[in-house]
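Residue-level structural notes
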Amino acid sequence: MLFRSRVLSAEHGAEWAPMFMRRMDKMRGMGRNGRWIDGQLKERPSEIFKRCFRVVPYWEDDIVPIVEACGRDVIVGGSDFPHAEGLDDPVSFVDELAGRSTDDIARIMGGNIMELVPTAASAG
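Now for a description of the structure that goes with this document. (Residues numbered from 1 in each chain as written. Predicted model: local features only at pLDDT ≥ 70, side-chain atom pairs only at ≥ 80, totals over all residues. Heavy atoms only, no water.)

Points about the packing of helix α1 (residues 16-30) against helix α2 (residues 45-52)
One can describe the packing of α1 onto α2 by two numbers: an axis separation of 8 Å at closest approach and a directional angle of 140 degrees. Of the possible angle classes, the one that applies to α1 and α2 is oblique. Taken together, the residues of α2 that come into contact with α1 (itself represented by Trp16, Ala17, Phe20, Met21, Met24, Asp25 and Arg28) are Pro45, Ser46, Phe49 and Lys50. (Axes fitted to C-alpha atoms, helices over the stretch in contact; angles between N-to-C directions. Helix = DSSP H or I, 4+ residues; strand = E, 2+ residues; numbered from the N terminus. Parallel < 35°, antiparallel > 145°, perpendicular 65-115°, else oblique. Contact = heavy atoms within 4.5 Å.)

In structure tokens, the structure reads:
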């Protein structure tokens with residue numbers, strides 16, 4: 001059985017994520033001939049990141065290129081109000097997603113976090 005961890009990065013914004021994914025992939029390529037515990041990765045580190053990490057952007061982050069680079073499933077809408085990077089009305093974050101599809105907006109504004117939070121229905 002494959003153990004799958006999930007990590008949610010909050011209070012760090014999300015602008016770092018696209019560069020981080022590119023750097024991980026580059027470092028994997030640079031170390032392709034090195035010795036790896038349990039052998040070479042079977043997939044790109046960026047794909048592992050997309051499967052296992054979720055990030056909460058600051059409302060002032062330039063969200064469109066972040067979603068383009070990371071994918072909609074990585075981004076979790078949220079707010080850290082009353083801190084400066086938070087919104088007093090978290091639903092207004094949807095305004096930053098103008099131009100995204102309805103499905104993308106639904107995932108970012110609630111669907112992605114619901115996959116991380118156990119509910120009575122998922123507890124079975």
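Topic: helix α3 (residues 63-70)
Regarding α3, the residues found buried are Ile63, Ile66, Val67 and Cys70. Summarising the axial view, the buried residues of α3 lie within an arc of 95 degrees, below the 170-degree limit, and thus occupy one face. For α3, the secondary structure elements touched by its buried residues are α1, α2 and α4 (102-116). Following α3 by one or two positions, glycine 71 adopts a phi angle in the positive range, close to 95 degrees. (Buried < 20%, exposed > 50% of the residue type's maximum accessible area, 1.4 Å probe, protein only. Arc of directions from axis to C-beta.)

Focus on the side chain of arginine 107
Along the polypeptide, arginine 107 turns up in helix α4. Judged by relative accessible area, which is 19%, arginine 107 ranks as buried. Here the side chain of arginine 107 touches glutamate 115 through a polar contact of 3.0 Å, side chain to side chain. Beyond its immediate chain neighbours, meaning those up to four positions away, arginine 107 contacts Arg72, Asp73, Ile75, Asn112 and Glu115. (Polar contact = N/O pair within 3.5 Å; in protein donor to acceptor, adjacent residues only side chain to side chain.)

Some details on α1
In this model, α1 (15 residues) spans 21 Å end to end at C-alpha, consistent with the 21 Å of a helix rising 1.5 Å per residue. What α1 keeps buried is the set Ala17, Pro18, Met21 and Asp25. For α1, the angular spread of buried residues about the axis comes to 110 degrees, placing them on one side. (Expected span 1.5 Å × (residues − 1).)

Side note on unusual backbone geometry
Here the phi dihedral of glutamate 11 falls at roughly 65 degrees; this positive angle occurs in a residue that is not glycine. Relative to the helices and strands, glutamate 11 resides in the loop between β1 (7-9) and α1.

Here's the deal with the environment of valine 67
Here valine 67 lies in helix α3. On the accessibility criterion, valine 67 (3% relative accessible area) is buried. Spatially, the C-alpha atom of valine 67 lies 9.5 Å from that of alanine 14, the residues being 53 residues apart in sequence.

Considerations on the pattern of salt bridges
Within the structure shown, the criterion is met by 9 salt bridges. Residue arginine 44 is joined to aspartate 25 by a salt bridge in which the shortest nitrogen-to-oxygen separation is 3.1 Å. Placement of arginine 44 in the loop between α1 and α2 and of aspartate 25 in helix α1 is noted, with a sequence separation of 19 residues between them. The class of arginine 44 is partly exposed, set by a relative accessible area of 46%. A salt bridge links aspartate 73 to arginine 107, with the shortest nitrogen-to-oxygen separation between them at 3.1 Å. Here aspartate 73, found in the loop between α3 and α4, pairs with arginine 107, found in helix α4; they are 34 residues apart in sequence, far enough to count as distant. Aspartate 73 gets classed as partly exposed once you look at its relative accessible area, which sits at 33%. (Salt bridge = Lys/Arg side-chain N within 4 Å of Asp/Glu carboxyl O.)

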